[in-house]
Amino acid sequence: MPATPAAADTTETTETAAGAAPAGGPAVPAVPADPAVPVFSVRGLWKVFGPGADKIPGSAHANLSARELRERTGCTAAVRDVSFDVHRGEVFVVMGLSGSGKSTLVRCLTRLIEPTGGTLTMDGEDVLAMDRAHLRDLRRHRASMVFQHFGLLPHRTVLDNIAYGLEIQGVGRAERRARAAAMVEKVGLTGMEHRRPGQLSGGQQQRVGLARALAVDPEVLLFDEPFSALDPLIRRDMQEEVIRLHREEGRTMVFITHDLNEALRLGDRIALMRDGRIVQLGTPEEIVSSPADDYVRDFVRDVPREQVVTVRNAMRSAEDGEGRSGETVAPDTTVAEAVGTVARSGAPVRVMEDGRCLGVVDAGCLLAAIAGEKAVAAR
Ligand SMILES: Nc1ncnc2c1ncn2[C@@H]1O[C@H](COP(=O)(O)OP(=O)(O)O)[C@@H](O)[C@H]1O
Ligand SMILES: [Mg+2]
């Protein structure tokens, strides 16, 4: 495994859930979301810090290593020529070690950090062309952020912290309290409404952060390493909370983490960053079973494959009537889940999709998958 990342930056404590904009102003009604249009579409995005930053993208300096660039120009390219789409309803994870550019990238999405180059749309709208009012609306209504250090207001109660985003939206007191109360229940903080953040554990504080982000009913939740400061067990609880919320609401999420296990557990797709670039973008299974380069291979070396690889990629073709009878599993069953079925059945188990047998898995297939070998006979 690569070296343990250092503690992440702490800049988020100065920010608020919905940006630091003042109160007031009517909400611009949200555009009805077209499921076919990506929530975010990012192309060739750059963020360079330092003198003459604007001149770096597209120049001869653009391909220098991080160190050379810094030595020759004094600039840091935190995000380099990054392209991806975030699809509606998915959990899109950005993973990488500390300093790889994750926070910069997620802040560029709502222009909390101004990109140096490239294009960026949300629901098909050009984010880089938005004026201040439009951007404020985007941050207040459409994308809410959950930070690592919670960013709660210390003198306010849990309920008022959760209601804060609604308050700056200009929602009336009665309504925002009612909506905040509903969120209290949703994230399991019932009974703590009147406490202040200092009277809560870290996990509870992050539940408040999550509830505050959810209260504005955003189209997309942006998480910047929200659970990194939590103890492992609490962290696990919070991950399950996110999975549950996602399953129940299908809300689009962009989730930043330096923790591979967290990325694998939460991500529908993972973008793996190194030195400001995306080195691989794919499903957890694709990343674990087909690493793009040695760096990624090294990163995923210790991942228990049986928990990530599915039988779709472990099966072989059915022979001599094997496809006609016997136990069945769905193609998205993990190898770990299929082991029991195969052991009990004593015969090859059919991988079925829409009444069709795609192939079969037997003990040999499952072992090969665990060993990291492709099922050569399949497909
Ligand atoms: N405001 C800034 N000015 C100069 N360099 C910065 C600034 N913010 C971040 N960086 C640099 O950009 C790189 C990426 O940082 P960051 O996005 O915070 O990474 P991560 O979130 O993956 O830890 C780092 O080298 C960091 O030092
Ligand atoms: Mg960071």
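Conventions and cut-offs
Residues numbered from 1 in each chain as written. Chains lettered and ligands numbered in written order. Predicted model: local features only at pLDDT ≥ 70, side-chain atom pairs only at ≥ 80, totals over all residues. UniProt positions renumbered as here; feature names shortened; annotations may be inferred. Axes fitted to C-alpha atoms, helices over the stretch in contact; angles between N-to-C directions. Helix = DSSP H or I, 4+ residues; strand = E, 2+ residues; numbered from the N terminus. Parallel < 35°, antiparallel > 145°, perpendicular 65-115°, else oblique. Left-handed = near helix turned anticlockwise from the far one by under 90°. Contact = placed C-beta atoms within 7 Å. Nonpolar A, V, L, I, M, F, W, Y, C, P; charged D, E, K, R; others polar. Pairing = 2+ DSSP bridges. Near = placed C-beta within 6 Å.

In the annotation of an unreviewed UniProt entry, the protein is listed under the name ATP-binding cassette domain-containing protein and assigned to Streptomyces xinghaiensis. Under the Sequence similarities (unreviewed entry) heading, UniProt states for the protein: "Belongs to the ABC transporter superfamily."

Draft legend 1. Region of interest: the packing of helix α7 (residues 202-215) against helix α8 (residues 232-249). Look at α7 against α8: their axes get within 10 Å of each other, and the N-to-C directions meet at 25°. Overall, the two elements α7 and α8 adopt an arrangement that is roughly parallel. At the point where α7 passes α8, the crossing takes the right-handed sense. Residues Gly-202, Gly-203 and Gln-206 of α7 pack against Ile-234, Asp-237 and Met-238 of α8. Grouping the amino acids of the contact of α7 with α8 by side-chain chemistry returns two nonpolar, three polar and one charged.

Draft legend 2. Inspection of the sheet that holds strand β10 (residues 277-282) at higher detail. The strand order β6-β7-β8-β3-β9-β10 describes an open sheet built from six strands, whose pairing is mixed. If you trace the sheet from one side to the other, it starts and ends with β6 (143-147) and β10, each paired once. Taking each pair of neighbouring strands and ignoring which way they run, the sheet shows an average axis angle of 15°. Where β6 meets strand β7 (residues 220-224), five bridges bridge the pair, whose relative direction is parallel. Its bridge partner being in β7, Ala-143 is matched across the sheet by Val-220.

Draft legend 3. Up close: the site of ligand 1. Every one of the 13 residues lining ligand 1 counts as a neighbour, but Phe-49, Ala-78, Lys-102, Ser-103 and Thr-104 are closest to it. Among the elements of the structure, β2 (76-86) and α2 (102-109) are those that each provide at least two residues to the shell around ligand 1. It is α2 that provides the largest number of residues to the shell around ligand 1, a total of three residues. Considering only residue class, the shell around ligand 1 consists of three nonpolar, eight polar and two charged.

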